[in-house]
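Given next are the chains, with one letter for each unit.
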Amino acid sequence: MNSITLNADLAAISRLVVEGAMLVYTFAFLAFALHLSQLASTKKSVRAGASRLERVGIALLALAAIIHGVGVVLRGISASRVPWANMYEFSITGSFIVVAIFLIALTIKDIRLLATFVAGFNLLILGTADTIFYVAVKSLMPALQSYWLVIHVLVAVLATAFFNIAAGLSIAYIFKTAKWVKASKLKGVATFRRILALFPKEDKLERLAYRFNIIGFILWTFTLIAGAIWAERAWHRYWGWDTKEVWTFIIWTIYAGYLHANATRGWSGKRSAWLGIVGFVAILFNFTVVNLFFKGLHVYSGLK
Amino acid sequence: MLSSQPSSEEVKSPEIGLLGWLRWIWRQLTSMRTALILLLLLAAAAVPGSVFPQRSADPNGVTAYFKANPALAPVLDKIQLFDVYTSAWFSAIYILLFISLIGCVLPRTVAHSRALRQPPVQTPRNLKRMPAYQAVEPTGKKTQDALLAKAHVLLKKQGYRVALEGDSSNGSVSAERGYLRETGNLVFHLSLIGVLIAVGVGGGLSYSGQRVLVEGESFVNNLAGYDSFSPGTFFDESHLVPFSVRLDKFEVDFYRDQTLKNKANAGTPTDFRAFVTTTLGSTGEQSAGRVRVNEPLAMPNANVYLTGNGYAPSITIRDASGQVVYSGATPFLPQDANYTSLGVIKVTDVPKQYGIISFFYPTVGTLESGALTSLYPDAAIPLLSMNIYQGDLGINDGEPKNVFALDVENMTQIAGGKSGVKGLRLQLGETVKLPKDLGTVTFDGLKRFASLDVSYNPGGVWVLIFALLSLAGVTTSLLVPRRRVWVRKTETGFEVAALARGDDPVLERVVSELIAELAPNKKASKKVAKSAASPKQKVEDE
Ligand code: HEM
C-alpha cells in the first residue's frame, strides 16, 4: 500500500515548464493589449494592421496553453496522481482548463476579444500559484485518497472555468452598457469606448454569458452533490455547514438567483450581469480567503 | 406560464378587503421577483455562519470565542450568530422561499400537464414579426403542393408536436417542441421540496456517537457505550441495533523517504487501517472488518467511521509496597504532525491523590533549547516525560471531567517544572521511581487507539435521490430548447418562422435547415436581419 513514488526532480521540471508558459502568456497578453490599442486607434492604417497582431496573439496563447498543459501533466506524473490536490495544483490545472475551454469555444463562437482577459487572468493565477501557493509534491493524506477527488474536484474546476469566461463576458457587458462610458468626454474613456465597440453587441454578450453560466451551474450542482456524497464517506455526514460547504452553497444560490434574474422582468440585463460577476467573485473568495484564512475541514492548501 | 399572476384583477373592491389583501400577499409571495430576492437573501444570510464559529460544526471554537470576547459573544449569541443555520431568521428565509416555491410550481404543474394534452397553438397571422423568419417564392407548383404534408412529416420526425391548420391548398403547419424543458424545470423545483423534507426528517431520525478505542478494547452500540453522543430530534434509544465492535489492531503507513529526495514529505501518513471484530447482538454472529478513512464499515442502521488515531502507552504504577494502583493503556492526544502526544493519568486509589501530565514522543529528539520534540510520527525511539501534581483531582464531586485535562490550579507540583524535582523520563520497558516515595511507574508497552464515529442518517439516501432528480431536471430544463415553428403557404411560395421560449442558440439555423429540406433548390429571399429576440423571454410577459 505504500507504493506511491514521488518524483521531486520531475516536479521541479514541471514548475519550470509552468513558468515558461507564464512567459508565453505574457507575450500573448502584450500582443492582445497592443492589438486592442491599435484597434482603438483613430487612424485607419493602424487599424488595418491589427488583425495580424491578433493572429499572433492567438498563436501565442495556444502555444502557452500547450506548454501549460505539459506542466500540468508533468506535475501529475511527478506525484503519481491527479494534479489537483492542493491550491497550487488546483490553480495550475484550473487555469489550464480555462484556456482550453476558451480555445475550444473560439472554434465555435467568435469570442476573440475575450482573449486579453483570459491571458491576463491566467497570468495572474499562475503568478499567484507560483509565488504564494507553491508546495513541493506530497503524497495524499488519507482523507483525499478517494476517486471523489478525481470527480468532485475536476468538475468543480470545470464549473469554475465556465463561470470565469461568463464573468469576463458580463464585465464587458457592464462596461458596454455603462452610462459613464457612453457619455464621458474624457479622451481615455473615448478610446476605451472604441475598444468596447469591437465587442459583440450587448444582447449577444448577455446571451453568451448566459450560456457559459448555465453549463457552469449544471456542473456546480453536480460538484455540490458529489461533495456531499464524499463528505458522507469521509466525514460521516453528507452536510455539516463546514465553511467550504457554506460557500459552495452560497455560490450555488447566487447563480440560482442569476438564472431567475434572467427570467424576471426588470432584472435581466445589467442586474443579472452583476449577479454573474458577484457569483464569480464569491468563487474566487471561496478559493482564496476561505481556503487560507477560514477554519474548516477542507484544509488542503498544503500551506502552513 | 405563471398562472399565479393574474393581471386582470388589479381593481379590488373594498368589500373583499381582507380576502383581497391575502390574495395580494400571496401573489407577491409567489412572484418571480420575490423568489429571486429570497434566494439572494438566503445566500447573504449563510455568510455569517462561515465567519463565526458554529455550535454544530465547531463547538470548541464557540467556547474559545466566548473566552476571547466575553462582552461581545453573548450579544452575538442572542441573535443566533453561533447557530446560523438553525436560527429563526435563516429558517424564516428558507421557509418563505419554499412556500413561494410551492405556490409557484403547483399551478405551473397543472398548467403544464394541460398544455401537454393540447395541440400546438394556432399559427399567428403575421409571421414576419417572429425572431426567425424566412420566405421562399416562387417555389413552383410541385413544391407548393407537397409542402404542408412534407413539413408535417419532417417536423414530426424531429420530435415536434405538429398540427395541420386549414386545408392542404391554403393552410399552415404549427409545431412545437421542447415540452421537456418545462417538465425538467418542474421536476427540478419539486425535487428541491423533496430534498428539504428528506433533510429535515432524516436529520431528526439521525444520530452520531463517538468512541475512543485502544487496541484490544471493545464497545457496545448503546448510549452508555459512547464517550459523546448527539441524537436527532426524533431519535429514540430503541433505534440503536445492538452490536459490539472490538478494535483488534490499528495500522498506520507513513511515507518513508529512502532516497532523501522528498524531505518535505517524509512522515506524511499515507494510510490508516483499523481492523475490528464485530458481533451482532441478535445472533452473536462475529465477523472481521476493516475501517479506513473514506471507507466506513456498514453495520445494521449504522456506519462506523474512522475519525482519528494516536498512541496509547501502557503504564503501570505501583505504590511503595509494590501494590498496583494504576494500570492500562491510556490514549494520548496527538499535538502535531509528528505525533507529539499529550496524556493525563489520574491516580485515585492512594491516600493522597495525584495526577500526571505526560508527553509522549514516538521518535524523540532534542531542540536547541533543550526541550524534547518528536522527529518522526512512527515509534522509533519512544519516550514518555511526566510532570506530577499532588492534590484534589476533583473526581469525587460528581461532575464529569475531561479525561484529557487536569486542572492543576489547586494542586502542588511534585515533579518537573519549578518543583525542584526533575520531571520523569521513561523509555519503553523502563521503570522509574516516583518522588516522595510514592512508588514506581513503568512504561510497559505501546498500543494505538482509534477514534471511531458511529453515525446513521436514514434520510441520506432520499436526499441523494431527490438531489439527483433535481440535477437531471435542471440539466434538461437548461439544455433542451423549447421552440415553436410555423410553415405557411403563401400565394406563390411559403414562409417559415420560429420562436424560442427561453434561450435557443440555433433558432435561425432551424429555419434555414427546414427551408433547405422543403425547397432544396431555392434560395430563401426575405431574410429578416434582426437577430433573435432577447436571450430569455421574460416569464412574466407571457
Ligand atoms: C429554493 C428555491 C429555488 C431555487 C433554488 C430555484 C432555482 C432555479 C433555477 C436553478 C432555475 C433555472 C433552471 C431551470 O429553469 O430549471 C430556475 C428557474 C425557474 N424558477 Fe426557480 N428556484 C427556486 C424557487 C422558485 C420560485 C419560488 C419560483 C416562483 C416564483 C420559481 C420559478 C422559476 C421559474 C419560472 C423558472 C424558469 C425560468 C426560465 O424560464 O428560465 N423558482 N429556478
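As shown above, the structure is provided for reference.
How each quantity is defined
Numbering of residues starts from 1 in each chain and follows the order in which that chain's sequence is written. Think of it this way: whatever chain is written first is A, whatever ligand is written first is 1, and the rest follow in order. Selection of residues for local features in this predicted model requires a pLDDT of at least 70, selection of side-chain atom pairs for listing and counting requires 80 or more, and totals for whole chains, interfaces and linings are taken over all residues. Side-chain metrics in this entry use all non-hydrogen atoms of the structure; hydrogen atoms and water are not considered. Counting from the N terminus, the helices are the DSSP runs of H or I reaching at least four residues and the strands are the DSSP runs of E reaching at least two. A 1.4 Å probe rolled over the protein chains alone gives each residue an accessible area, and that area as a share of the maximum for its type sets the label: buried under 20%, exposed over 50%, partly exposed in between. The contact definition used throughout considers only heavy atoms, calling two residues in contact when any of these lie within 4.5 Å. Note that accessible areas follow from Shrake-Rupley with a 1.4 Å probe, and for residues the cover is restricted to the protein chains shown. Between any two strands, at least two bridges found by DSSP are needed for them to pair. To obtain an axis, a line is fitted to C-alpha atoms, over the contacting stretch when the element is a helix, and the angle between two such axes runs from 0 to 180 degrees between their N-to-C directions. By definition, the buried area sums, over both parts, the 1.4 Å-probe accessible area that each loses when the two are put together. Salt bridge criterion: a side-chain nitrogen from Lys or Arg within 4 Å of a carboxyl oxygen from Asp or Glu. Each polar contact in these results corresponds to two N or O atoms within 3.5 Å; when the atoms are within protein, one needs to be able to donate a hydrogen and the other to accept it, and residues that are neighboring in sequence are counted only if both atoms are side-chain atoms. For a helix, the expected span equals 1.5 Å multiplied by the number of residues minus one.

Visitor: Explain the overall build of chain B residue by residue, including any values.
Guide: A count of helical and extended segments in chain B gives 10 helices and 25 strands. Taking all 542 residues of chain B together, 48% fall into the buried category. Sequence-distant contacts in chain B: of pairs separated by 6 or more residues, those separated by 24 or more amount to 63%. Accessible surface, chain B as shown: approximately 27200 Å² in total, 57% of it carbon and sulfur.

Visitor: Got a sec to walk through the sheet that holds strand 8 (residues 269-280) of chain B? Specific residues and values, please.
Guide: Across a sheet, strands are paired by hydrogen bonds formed along the backbone, either parallel or antiparallel in direction. All names here are of chain B. Pairing is antiparallel in the open sheet, where four strands are placed in the order 5-7-8-9. Where the open sheet ends on each side, the last strands, each with one partner, are strand 5 (218-220) and strand 9 (286-292). Ignoring which end each strand starts from, the neighbouring axes of this sheet average 25 degrees apart.

Visitor: Quick rundown of the interface of chain B and chain A? Include the residues and the values.
Guide: Contacts between the two partners involve 69 residues from chain B, matched on the other side by 60 residues from chain A. Where chain B abuts chain A, roughly 5500 Å² becomes buried across the two surfaces, and 64% of that area is made up of carbon and sulfur atoms. By the criterion of area lost to chain A, the three top residues of chain B are B:L36, B:N294 and B:L478, representing 11% of everything that side buries. Inspection of the region where chain B meets chain A yields one salt bridge. A salt bridge links A:R211 to B:D503, with the shortest nitrogen-to-oxygen separation between them at 3.0 Å. Applying the counting rule to chain B against chain A returns 10 residue pairs in polar contact (both at pLDDT 80 or more).

Visitor: Please set out helix 2 (residues 32-46) of chain B residue by residue, giving values where relevant.
Guide: Side chains three or four residues apart in an α-helix point the same way, a direct result of the helix having 3.6 residues per turn. Its 15 residues place the ends of helix 2 of chain B 21 Å apart at the C-alpha level, agreeing with the 21 Å of an ideal helix rising 1.5 Å per residue. B:M32, B:A35, B:L36, B:L38, B:L39, B:L42, B:A43, B:A45 and B:A46 are the residues of helix 2 of chain B that are buried. Structurally, helix 2 of chain B contributes buried residues whose contacts are with helix 10 (243-261) and helix 11 (270-293) of chain A together with helix 3 (48-51) and helix 6 (88-116) of chain B.

Visitor: A description of the environment of A:V181 should follow, citing residues and the corresponding values.
Guide: Residues and elements named next belong to chain A. Within the element layout of this structure, V181 appears in helix 7 (residues 179-183). Here V181 falls in the buried class, since its relative accessible area comes to 2%. Residues V181 and T264, spaced 83 residues apart in sequence, show a C-alpha to C-alpha distance of 26 Å. Every residue in contact with V181, bar those within four places of it in the chain, is listed here: F175, V189, F192, R193 and L196.

Visitor: Break down the pattern of salt bridges for me, with residues and values.
Guide: Under the criterion given, the structure shown has 29 salt bridges over all chains. Two residues, A:E89 and A:R81, come together in a salt bridge whose shortest N-O distance is 2.9 Å. The class for A:E89 is buried, based on a relative accessible area of 0%. The exposure class of A:R81 is buried, given its relative accessible area of 15%. B:R290 is paired through a salt bridge with B:E295; the nearest N and O atoms lie 3.1 Å apart. Note on B:R290: relative accessible area 31%, which makes it partly exposed. Connected through salt bridges with shared partners, the residues B:K249, B:E251, B:D253, B:D271, B:R273, B:R290, B:R292 and B:E295 form a single ionic network.

What is shown is where atoms sit, not what they do.
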